[in-house]
Structure formats: structure tokens, C-alpha cells
Amino acid sequence: MTEFGWCAGIGRAEQVKEHGYDYMECPLSPLMKEGPEAVKKALPKYANLAIPVKAWNSFFPRDMKLVGPEADERRIRNYVAQAVDTMSRAGSSIAVLGSGRSRHVPEGWERERAEDQLVRLLSLIADECEGTGLTVAIEPLNRKESNIINSVAEGAALAKAVHRPQIRVLADFYHMDEEQEALETIAEHKEWLAHIHVADTGRCSPGTGQYPYDEFVKQLRAAGYQGGVSVECTVHDWDSELPAALSFLKKKWGA
């Protein structure tokens, strides 16, 4: 059965649980920025929530460059080790790697070199994730948020280049719509799919817009997808939008 989650900080955990969701997807880098001691103190809160923190997003802080001449391998390596340890101790299973600003390819830097840096980065993350139960889902972002990995197809190609079981791909309905990527791409790359993000027109809550949900769900079924579906959107009224979105999603998924 498909599990539905919501992307938010743990301050919203009670609401998310109350309205029937299965899990939380929390931002990682704001927690990591607080430093090792603060993370150590905060971890029990994440591990013992009434609703599990199954997934994390915002993997890297915005000021940590992953590609280009400013990429600091030692800093990245130390951060990855601490980040994976944190997510693992929280009992999570999915780490979303979006971080559009961090992976931005600077002007004058060859795309091939940037791709090589990303392959090395993902190989490093795979090493750290080995034995933890964590899977990293590469998140394709639209061109307004990133100038590299803008489609599920590109994300799958990168995952193939790394070729490690810990590295897979995310399909985000919002970014696919922004890039006008064919929804059939989901089924075409089904073996690489590990996580889903959903929203609706204007990146608002599911059920409030015109996204073709019937076709989206059809492609996920064709892919045999059984993983989590996280809502990542702008919220104007939490108490009305959370239950309405879940009702809509369950109807579309036949759950």
C-alpha cells in the first residue's frame, strides 16, 4: 500500500499525524547547520516522534558548492559522513538530493567536469550509506532552480553512471510539469525510481489545480512503484489543506 507523507519541519508533526499521513519528510541542512552537539540533542526528538521521519530533503546547505572550482572535497566528505549518520540514527530510509544552488554549474565550468564531480559525490554518499538502509534519491529540478539534472531521464542516467544500489532517482510532479517532461519517462526508468514528490498547479496542494493526476498515477502503476509519496508544496491553511490533499491523493491512488 502506498504511504503518503508531508514535507515540513518537525514542528508540524502533530498536525501531519493528526490528519492521517504516514510519515514526515524533514529538511536536513537547517538541522546540520546547528552543529554536532545540537544535532546530538535533537536526534531523539526525530527518532521518537509519533509519526516517523521516513525521508529528508535539503541535503546540502546552500553555501556548500558541489561542483566547480570551489567544491571543497574535505568539507563535503565530512558533511556527508555526519549527514548520513544523522539520517540513519533517525531511522530514515530516503535521503533526497536536490540542493539546486549547491550543484549549480558555474559559468565557464565544463558540464562534463561537473558530471564527473557529481558521480564522485554520489559514489562517496553510496559508500557512507552502505549498511544503513538509506537510499539517496537524486531530485531532478526545473531550470529555474538548477542548471544540471533537469529531468527524470537525466537523473536516471547519472544513477546509472554511479551504478550503486544506494543511488536512485526521484520523480517530482511539479518539476516534471515545469519542464514539460513526458510522464511516460516514469515507467521508462522504473528500475531507478525510489521516491515521489507531488504538488499541483502553482506548486500548491494536491487537488487544488489542473495537474493530470490520473495519468501520473497510471505511469507509477505501470512502473510498479511501491514507495512513498511526499507532498511538497506551498501551504496557505494547514488545517484545511492537509486533510483535503490526503483525501484527494487516496482517491487518485485508490487507497
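Owing to the predicted nature of the structure, the values given are computational and were not obtained by experimental measurement. (Residues numbered from 1 in each chain as written. Predicted model: local features only at pLDDT ≥ 70, side-chain atom pairs only at ≥ 80, totals over all residues. Heavy atoms only, no water.)

Enquirer: What is the right way to read the nonpolar core from this model?
Expert: One recurring pattern in soluble globular proteins is that nonpolar side chains are buried together. Counting residues in each nonpolar core, the largest one holds 82 residues, and the members touching the most others are W6, Y21, F59, F60, V198, F216 and W253. Among the elements that line this core, the one with the most residues is helix α5 (residues 111–129), at eight residues. When near neighbours in sequence (up to four residues on either side) are disregarded, F60 contacts S29, L66, I76, Y79, V80, L97, S99, S102, L121 and I125. If you look at the next biggest cluster of nonpolar residues, it comprises six residues, including A55, V96, L170 and A194. (Core = buried A, V, L, I, M, F, W, Y, C linked by side-chain atoms within 4.5 Å. Buried < 20%, exposed > 50% of the residue type's maximum accessible area, 1.4 Å probe, protein only. Helix = DSSP H or I, 4+ residues; strand = E, 2+ residues; numbered from the N terminus. Contact = heavy atoms within 4.5 Å.)

Enquirer: Sorry, what's going on with the pairing of strand β4 (residues 94–97) here?
Expert: Successive side chains on a regular strand alternate, one facing one side of the sheet and the next facing the other. Because side chains alternate across β4, one face comprises the buried residues I94 and V96, and the other comprises A95 and L97, equally buried. Pairing of strand β3 (residues 53–57) with β4 involves two bridges; the strand directions are parallel. By the bridge assignment for β4, A55 is matched with I94. Assessed by its sense of winding, the connection that carries the chain from β3 through helix α4 (residues 73–89) to β4 is right-handed. As defined by bridge partners, β4 adjoins strand β5 (residues 135–138) across four bridges and the pair is classed as parallel. Opposite I94, over in β5, you have T135 as the bridge partner. Between the parallel pair β4 and β5, the chain is carried across by α5, and the sense of this crossover is right-handed. (Pairing = 2+ DSSP bridges. Right-handed = clockwise from strand over helix to strand, strands pointing away.)

Enquirer: Can you help me understand the UniProt feature "domain: Xylose isomerase-like TIM barrel" (unreviewed entry) in the protein chain in this one?
Expert: The residues that UniProt annotates with the feature "domain: Xylose isomerase-like TIM barrel" (unreviewed entry) are residues 14–251. Spanning residues 14–251, this segment combines 43% helix with 14% strand, and its end C-alpha atoms are found 23 Å apart. (UniProt positions renumbered as here; feature names shortened; annotations may be inferred.)

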